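Working through the structure, step by step
Listed below are the residues making up each chain.
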Amino acid sequence: QGKYVESEVAKKRFEELKSHEANRRRDTMKAQQVKEMLGVEEAHMLEYQQFNTQWDQKCNDYEEQWQNHIRAMKERHLDGLK
């Protein structure tokens, strides 16, 4: 009878430890996933900022070219009137 009780206590303790270890692994995995997700979000934001910077530069370059073309057309027009 004593061995049976001792066996049941050991079995219960084993199940508790097994459950605790499963919870620890799950929490560790969740923390790792959150860390990875934050890294991906940070990389995405950096890529987005770089895209916006490049886009703004292209828009500025286009605006400058457009202004130069307008200026050149006006000069040609004025030269044609002379």
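The preceding data block contains the structure.
Read on for an overview of the structure. Because the structure is predicted, anything quoted here is derived from the model rather than measured.

Take the overall build of the protein chain next. In terms of regular secondary structure, the protein chain is built from 1 helix and 0 strands. Relative to its length of 82 residues, the protein chain is extended, with a C-alpha radius of gyration of 35 Å against a globular reference of 12 Å. Considered along the principal axes of its C-alpha atoms, the protein chain spans approximately 120 × 10 × 5 Å. Expressed as a percentage of the 82 residues in the protein chain, the buried residues total 0%. By element, 57% of the accessible surface of the protein chain is carried by carbon and sulfur atoms, the whole surface being about 8300 Å². Placing the 15 positive and 16 negative side-chain charges of the protein chain at their respective mean positions leaves the two points 7 Å apart.

It is worth spelling out the pattern of salt bridges at this point. Inspection of every chain in the model, using the stated rule, returns 3 salt bridges. The residue R13 makes a salt bridge to E16 at a minimum N-O spacing of 3.6 Å. Residue R13 and its partner E16 are both found in helix α1 (residues 2-81); the two are separated by 3 residues, about one turn of the helix. A salt bridge links E21 to R24, with the shortest nitrogen-to-oxygen separation between them at 2.6 Å. Taken together, the positions of E21 and R24, both in helix α1 and 3 residues apart, correspond to about one turn of that helix. Under the relative-accessibility criterion, E21 is labelled partly exposed at 28%. Via salt bridges that share partners, E21, R24 and R25 belong to a single interconnected network.

Cut-offs and rules
- Residues numbered from 1 in each chain as written.
- Predicted model: local features only at pLDDT ≥ 70, side-chain atom pairs only at ≥ 80, totals over all residues.
- Heavy atoms only, no water.
- Helix = DSSP H or I, 4+ residues; strand = E, 2+ residues; numbered from the N terminus.
- Rg over C-alpha atoms; globule rule 2.2 N^0.38 Å.
- Buried < 20%, exposed > 50% of the residue type's maximum accessible area, 1.4 Å probe, protein only.
- Areas by Shrake-Rupley, 256 points an atom, 1.4 Å probe, with all protein chains shown as cover.
- Lys, Arg positive; Asp, Glu negative; His and termini not counted.
- Charge placed at Lys NZ, Arg CZ, Asp CG, Glu CD.
- Salt bridge = Lys/Arg side-chain N within 4 Å of Asp/Glu carboxyl O.

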